[in-house]
Amino acid sequence: VALKGTKEDLKLRPQNYWITPDHNHDANATAYYASKGKGQFPAVFVSFPSTKDPTWDTRFPGTSTCHVIAEAPLAWFQQWEGTPLGHRG
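Residues numbered from 1 in each chain as written. Predicted model: local features only at pLDDT ≥ 70, side-chain atom pairs only at ≥ 80, totals over all residues. Heavy atoms only, no water.

Undergrad: It is not clear to me how the overall build of the protein should be interpreted in this structure. Could you clarify?
TA: Helix and strand counts for the protein stand at three helices and five strands. For the protein, the α and β elements follow one another from N to C terminus as β-α-β-α-β-α-β-β. The C-alpha radius of gyration computed for the protein amounts to 17 Å, which surpasses the reference 12 Å derived for 89 residues by more than 25%, pointing to a less compact arrangement than a globule. Within the protein, the proportion of its 89 residues that are buried is 24%. (Helix = DSSP H or I, 4+ residues; strand = E, 2+ residues; numbered from the N terminus. Rg over C-alpha atoms; globule rule 2.2 N^0.38 Å. Buried < 20%, exposed > 50% of the residue type's maximum accessible area, 1.4 Å probe, protein only.)

Undergrad: When you look at the pattern of salt bridges in this model, what are you seeing that I'm missing?
TA: Proximity of charged atoms lets side chains of opposite charge pair with each other. Under the criterion given, the structure shown has one salt bridge. Salt-bridge contacts for Asp53 lead to Arg59; the nearest nitrogen and oxygen are separated by 2.4 Å. (Salt bridge = Lys/Arg side-chain N within 4 Å of Asp/Glu carboxyl O.)

Undergrad: Could you clarify how one ought to interpret the pairing of strand S3 (residues 44–47) in this entry?
TA: Residues Val44 and Val46 of S3 are buried on one face, and the alternating residues Phe45 and Ser47, pointing to the opposite face, are buried as well. Direction of pairing for strand S2 (residues 16–19) relative to S3: antiparallel, over a ladder of four bridges. In the sheet register, Ile19 faces S3, and the bridge partner there is Val44. Of the strand pairs in this sheet, S3 and strand S5 (residues 67–70) are connected by four bridges, and their pairing is antiparallel. Each residue of the ladder has a partner; that of Val46, found in S5, is Val68. (Pairing = 2+ DSSP bridges.)

In short, geometric facts, not functional conclusions.
This is the structure:
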């Protein structure tokens, strides 16, 4: 995700975050998939790679980046199976 603002503006820290409802991933994943993706995510990973790059502010002033990774049911994406990248929606 592209963000407007520097790491200082946005108070971003050079850290990775695993966000989970609790420490029982197997039970959380089972509940999530049983809800067909409508329940609480079992885990979400969030990171701010631009905060870790010492050249970022010079190359891309006034911006930052955020990576968000979460599990999702395969069915959400199967309609695009076999289609070329850039033509999926």
